[in-house]
Each structure stands twice: as structure tokens, then as C-alpha cells.
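Chain by chain, the residues:
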Amino acid sequence: MCGISGLWGSPSRSADELDRIGQAMSEALAHRGPDAAGCWCDPDQGVVFSHRRLSILDLSVEGAQPMLSPSGRYVLVYNGEIYNHIEIRTRLVEAGEAPLWRGHSDTEVLLAAIEAWGIEAALDATAGMYALALWDREGHSLFLARDRTGEKPLYFGHGADCLFFASELKAIHAVPGLDLELDPAALSAFLSVGYVPEGQSIYADVSKVSPGGILKFEVPADTGTRLQRTSFLEGIIETTAPQRKAASSFSAASREMERLLEDVIASQMISDVPVGSFLSGGIDSTVVTALMQSVSDRPVMTFSIGFKEADFDEAAHAAAVAEHLGTDHMAFRLSEADALALIPELSTIYDEPFADSSQIPTALLCREARRHVTVALTGDGGDEVFGGYNRHIFAPRAWQTASRLPRTVRRGMAPLAQLLHRLGGVKNPALKHAITRAGLPVGTLERLGRLGADLGECESLTDLYYALTLTGPGSELLREDLRPDASVRVDPEALGELEPAEWMMAMDSLTYLPGDILVKVDRAAMSTSLETRAPYLDRRVVAAAWELPLEARIAEGRGKRILRDILDRHVPRDLVERPKQGFAIPLDRWLRGELRPWAESLLSEDRIAETGILDPRAVRNLWATHLRGVRNEGSALWSVLMLMAWLERPSAKGQGVACRAAA
């Protein structure tokens, strides 16, 4: 994996100045690519490209970037992996369009395909993950592109008389003369869902290239021409919808999906450095690991992390799966002390405010795995592609029932829902024991209570989806004059004809997956120079999954039916059948315990007021509610704490925290 950055501005900057800027941007991304650095500039056009390299394929200098095409027309900086690069290379050779190859890197193959077919056709032929910048020296134009599901990040923006881009925001701060302001709409969205959504960044004049998007810029000051207007997922839904009901039998579909996953996983295991997998013992990671082991001639290295709190600890499950599969397994245990030690680094690792608390175990797992491997396969995307979240299963059924009731009746059920919510947050060992004995996950009452309360207020399934995905009160925590009249909603037209459960899966794929899950893993892994790969997000797997009828993914009140069927052929069911816990930490408990002094310090009224952004009274009320045990407000508080830590991070000195006026 790598880090890319650069800018295009006026030709007034000298070659030396452009090189200094490129080197400074590159140095900010050294963690993404510790093996080599490269910089290329064209002072006549005011262009500089820089690259940090983590060597995975072709460790020689022949794989170095920035890379020029054989004709010299194109210059490429690229972050990612093209898993089918051998197939593309063969196509180029057979068509007589191949250059004299210098090495065997996927970068060289991608650049040759772009020169032969054009950027749109070349990227359409790929199966992989990528973020790239391409300079056309003949056409004097810049292209920025990002992979279909948003695995790799790519920011861009305008300022200081130039167009700039980078894998992470920290490189953008190296552009001289920038005066960045915080975006109130992004702040509000972050305090609502715990991450800055796609299409926004925490800064008003900086954005992200959309997943699957290709942007073309013909002058530095323009906003770009979008070459691909329909997202990959929306395109898949539009083209496969007519075919889904004609799918083959479930048994045949399951065998076909297993063969496809095996092929994809084998292609993602190709590397010139050690490869392993993250293994939680859940369905997604176990399928990946089982298929890795089936195609490997030696024990696969697997890694898991656990907690001393038994109701959050999945390490024992992972160990049992690893023993059955015969992997070379390593497990690590996380405590409050480990979390406290890591917390000061989170704002630097995540670069803009990010508040999925599972970022802590993810970052620590990546650090431990990096001691042994350079590449790790993950189970990310399994929930979104195959219907694994509780909301995919229960929310459509609950709404189908509740929507038949008058709203006044639904609202009348609110007191019972609130009681369930409160019971879920009370420290009651007997109640907790009864829940776990019933085979239910921690927080069941709280989740049921929240669902019941939301059903009373929502007018549609869309309303319910957004209510269920909120983690905090949003703009209510901002200073009153900074509260924007903005929404975190997206409304893709292509999703209108889906079944309710599929609609929720698609929405998660378009919002929560690229905005939260993939950000969490990319920044955690790259902070320690580890490449992660997600087989479930391979274009071939996503397309095949959406061709399946819904009942092949969700049936009889359970999700991931087809993955469970595949797993039955590799692992005894009792090793993986348990309530879905997720990669959660006991955050609510920790904030009332060992993390309380740290949180209390950050949430002091004076420090909140000093930011000039948050409402001290609203934040203090939220904190008091949590400490009294009236409700668990850990998720909302974590967003505030991560924002405060980000605003006070050492690297923020000199950058300013001015906030643009609310729209």
C-alpha cells in the first residue's frame, strides 16, 4: 500500500519549490509507505506528484513511482492493488498493445492499460482497490480516481492558487498558503453518525473523490468533470435486478459463490511479502480464513484480539476456529490501560475526527499483526454485501408491523421502549446474566428500546434507517450559531425498487461502509504500514451477491445465509453460531471507570468553551446523564471526545480551527 499526493497550480513556482512541496507532502505520508519515496514535477505546468511506497509486488526499483508510461505521455501515482493484473497483462500482450515490460508490478500493467485503452476502459477492466492521480502531459489534464467501494482514500480541494490531492489530510497541510476552515455541516454530520460522510471532509474547501468516481480537471481552478456518473453499486443494482429471480438453486448458488470466493481470495494472497488474516471467529472472517487455508500449502498466519471483559471477548472463539483450521494463530488481549496508551495517537492516526470506538482494537490488532506480516485479509464488507447487520433483518419486519398502527398508538408505546433503553444501561448483573443465558448479545434491551422509540417517531422505513444509524444528537451539541440546516441523508434513485432489507444493505454500502468501516481499517493499518485486503468487496463478489435473490442472503430471521452454508463445509457450526457482537469495546463501562479522568479533563466546561465550536451546557448534560447511568451515551460522548482530541492534537498548532459560518 502507498500514499499519494500532489498539486497543480500556476507555473510561477520553480522546480525547486515544487520539489520541496512534493517532498513535504510525501513526508507527511511516510507511514503509508516506508520503503521508498519518489517525486516528479513539471514546472512549466505547475504540477508535482509525490509517492510513498510500501513494497508488496515487484520489490525492485522497476515498481517505483511516480511512473511514466512507455510513450512518456502519462505520469501515474497510485495507491492500491490490482488483483487481476496478470490477466490484464495477458490481454495487452495478446492484443499486441503491450510495451517492453520493465518489471512485474501491477502499477506498470495499469499504466500500460491506460495508455492502450484510456482511463475509463482500463479501470473498468480492473478488479482491485485503488486511489490514483494521472497527469496527461499531452492533454494538459489531471485525472483523480477511486475504487468502486471506497477502500482507498483520496481527498482533493482548491486553495492557495492550486488544486491539490492526497491520500490523507495531513499531506494537504504541507501545501503552503492554505487557509482551511472547518465545515459546520461536516461537524454536524460527524456528531450525528461518528464519521465525516462521503462527499465531505472536516474542511469546507476539501472533499473526497466518490467511490467509483473518475474526475477530470482541465485547468487547476475548475471543479472537475465527472466521467463516471453512476456509482458502481447503483450500476450493479440496475443491471442485476431483472436477473435476480432467475437465479439457480440455492445449493448450486452456494457452490458457485464458494468457488468465486476461493478464486478471489487466492488472487488477493499473491504477494512478494508475508500474508495473514484477521480472525474474529465470526462468520465473515472465518469464511475468508477457511478458504485461505484451503488454497495454501502451509498454515495461514491468523490474528485476533480480545478483552478481559468476558461479555465482549471473542478471542476464545477465534482460537477454537484457528485450531480446527490448523492456522498459525496469535491472540492479543486489550485492557483499559492499552486504550489509554493509544488514545493520544488516535487523532493523528485518523487525521480528521473519527469516532467508531472499535478503532482502538483495530489499531492495536494491526500493530501486532504487522510484526509478522505485511498484508492481512479481512472480513470487511461481509455484512453489507450479504445482509449481516441486525437492522437488515429486524427493522423491515418491525416497520411492516408498526406502520399498520396509527402513529398515536406507536407513540404510546414510547414509555415501554424508554424503560427497555434504561434497563439496558443499568449495571444489573442478574439482568445481564439472564440476557447472556438466553443467547442474546450484550446491549439487547438497549437496542430493542431504541428501536421501539424510533418506530414511534418515524414516518417511513427511510426515517427508521437514519434513526437507527445515528450515534449522537448532531448539531444540538454545536454552538447555536454554527448549527446548519443540513442533513446527512443521501437518496440514490437506483435504490427505489429494492426490497426493504436490500435497500438497507445498499444504503450501508453507500454510506456506512466507505465512511466508517473502510476508514477505520485503512487508517489503522496504514499507520503501522500494513496493507489490508477485503475479498468481499472485490467487484466480482459484489456483483455475484447482488444477482442472488434476497432469500439466499437473508432467510428465517438470519442474515448471511449463503456464507453460513459455505462455512458448514469447512467448520462445525457450533464454533461460529453465536449472537452477533461486532468488534465492540466496553466503552460505556470504561468511560465510567478507568477512562473517566481523561474524559472529564477533555469535557471540562472551560476546554469546551475554548474551542468556540461546541455548546458547553449540552455537552456537560450529556456527560452527566451517562455518569448517572440514566442512559448509555458512550457513542455520542466518544464523538465529542474524539473531536476535542482532534482540535487539541499537537499537529494542529498553526493550522487554526476557525469554523465557517453555518449555511
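Here we summarise the structure given alongside this text. Note that this is a predicted model, so its numbers are computed, not measured.

## Concerning the overall build of the chain
(1) Moving on: Helix and strand content of the chain: 28 helices and 17 strands.
(2) Moving on: A total of 663 residues make up the chain; the buried ones form 58% of that total.
(3) Moving on: Within the chain, contacts between residues at least 6 apart in sequence are counted, and of these 74% link residues at least 24 apart.

## Here we look at the sheet that holds strand 8 (residues 155–159)
(1) Moving on: Taken in spatial order, the 6 strands make up an open sheet running 2-3-1-9-8-10, and their pairing is antiparallel. Strands at the two margins of the open sheet, each flanked by one partner only, are strand 2 (36–42) and strand 10 (206–208). In this sheet, adjacent strand axes meet at a mean angle of 15° when their direction is disregarded.
(2) Moving on: In the packing of helix 1 (residues 15–27) onto the sheet, the strands contacted are strand 1 (2–9), strand 2, strand 3 (47–53) and strand 9 (162–166), and the crossing angle to strand 3 comes to about 30°.

## Topic: the packing of aromatic side chains
(1) Moving on: One pass over the structure, following the stated rule, counts 12 aromatic pairs.
(2) Moving on: When the centroid spacing of 6.2 Å and the interplanar angle of 65° are considered together, the rings of Trp-40 and Phe-49 count as edge-to-face.
(3) Moving on: Accessibility expressed as a relative area gives 15% for Trp-40, which makes it buried.
(4) Moving on: Residues Tyr-465 and Tyr-466 carry aromatic rings whose centres are separated by 5.3 Å and whose planes lie at 80° to one another, so their mutual orientation is edge-to-face. We note that Tyr-465, like Tyr-466, is buried.
(5) Moving on: The structure contains a cluster of three or more aromatic residues connected by ring pairs, namely Trp-40, Phe-49 and Phe-165.
(6) Moving on: Of note, Arg-391 hangs over the ring of Tyr-512, and the distance from its end group to the ring centre comes to 5.5 Å.

## A closer look at the pattern of salt bridges
(1) Moving on: Evaluation of the coordinates by the stated rule reveals 33 salt bridges.
(2) Moving on: Taking the shortest distance from any N to any O, the salt bridge between Arg-32 and Glu-168 comes out at 2.8 Å. Residue Arg-32 is located in the loop between helix 1 and strand 2, and its partner Glu-168 is located in the loop between strand 9 and helix 5 (169–172); the two are separated by 136 residues in the primary sequence.
(3) Moving on: The class for Arg-32 is buried, based on a relative accessible area of 0%.
(4) Moving on: Arg-569 serves as the salt-bridge partner of Glu-258, at 2.7 Å between the closest nitrogen and oxygen.

## A short note on the environment of Val-321
(1) Moving on: With respect to the helices, strands and loops of the structure, Val-321 is situated in helix 10 (residues 315–325).
(2) Moving on: For the pair Val-321 and Pro-572, spaced 251 residues apart in sequence, the C-alpha to C-alpha distance is 9.0 Å.
(3) Moving on: When residues no more than four places from it in sequence are discounted, the contact partners of Val-321 are Leu-279, Gly-281, Thr-286, Leu-575 and Val-576.

## What to know about unusual backbone geometry
(1) Moving on: With an omega of -5°, the peptide bond running from Gln-65 to Pro-66 counts as cis.
(2) Moving on: Mapped onto the fold, Pro-66 is located in the loop between strand 3 and strand 4 (67–68).
(3) Moving on: For Ala-160, which is not glycine, the phi torsion reads 55° and is therefore positive.
(4) Moving on: Looking at where Ala-160 falls in the secondary structure, it is placed in the loop between strand 8 and strand 9.
(5) Moving on: Residue Ala-160 is classed as partly exposed on the basis of its relative accessible area, which comes to 25%.
(6) Moving on: At Asp-351, a position not held by glycine, the phi torsion is positive, near 70°.

## Observations concerning the nonpolar core
Generally speaking, nonpolar side chains in soluble globular proteins are found buried as a group.
(1) Moving on: Ranked by internal contacts, the top residues of the largest apolar core, which has 83 residues, are Ile-202, Ile-360, Trp-598, Leu-614 and Trp-638.
(2) Moving on: Counting residues per element, this core draws most heavily on helix 28 (residues 634–647), at 11 residues.
(3) Moving on: Among the nonpolar cores identified, the runner-up in size contains 67 residues, and Ala-253, Val-264, Ile-517 and Ala-552 belong to it.

## As for the packing of helix 8 (residues 250–268) against helix 9 (residues 283–295)
Two numbers describe a pair of packed helices, the interaxial angle and the distance between the axes.
(1) Moving on: Between helix 8 and helix 9, whose axes approach to 9 Å, the crossing angle comes to 70°. Regarding the angle of helix 8 to helix 9, the classification is roughly perpendicular. Here helix 8 contributes Glu-258, Leu-261, Glu-262, Ile-265 and Ala-266 to the contact with helix 9, which in turn contributes Val-287, Val-288, Leu-291, Met-292, Ser-294 and Val-295.
(2) Moving on: For the contact of helix 8 with helix 9, the residue count by class is 8 nonpolar, 1 polar and 2 charged.

## Considering the packing of helix 19 (residues 461–469) against helix 20 (residues 500–510)
(1) Moving on: At a closest axis distance of 11 Å, the pairing of helix 19 and helix 20 adopts a crossing angle of 45°. With respect to helix 20, the element helix 19 is oriented oblique. Regarding helix 19 and helix 20, the two cross each other, and that crossing is right-handed. Each of Leu-461, Thr-462, Tyr-465 and Tyr-466 in helix 19 lies in contact with helix 20, whose residues at this interface are Pro-500, Trp-503, Met-504, Met-507 and Asp-508.
(2) Moving on: Split into classes, the residues belonging to the contact of helix 19 with helix 20 amount to 7 nonpolar, 1 polar and 1 charged.

Rules used in this analysis
Residues numbered from 1 in each chain as written. Predicted model: local features only at pLDDT ≥ 70, side-chain atom pairs only at ≥ 80, totals over all residues. Heavy atoms only, no water. Helix = DSSP H or I, 4+ residues; strand = E, 2+ residues; numbered from the N terminus. Buried < 20%, exposed > 50% of the residue type's maximum accessible area, 1.4 Å probe, protein only. Contact = heavy atoms within 4.5 Å. Pairing = 2+ DSSP bridges. Axes fitted to C-alpha atoms, helices over the stretch in contact; angles between N-to-C directions. Phe/Tyr/Trp six-rings, centres within 6.5 Å; stacked < 30°, edge-to-face > 60°. Lys NZ or Arg CZ within 6 Å of the ring centre and 35° of its normal. Salt bridge = Lys/Arg side-chain N within 4 Å of Asp/Glu carboxyl O. Core = buried A, V, L, I, M, F, W, Y, C linked by side-chain atoms within 4.5 Å. Parallel < 35°, antiparallel > 145°, perpendicular 65-115°, else oblique. Nonpolar A, V, L, I, M, F, W, Y, C, P; charged D, E, K, R; others polar. Left-handed = near helix turned anticlockwise from the far one by under 90°.

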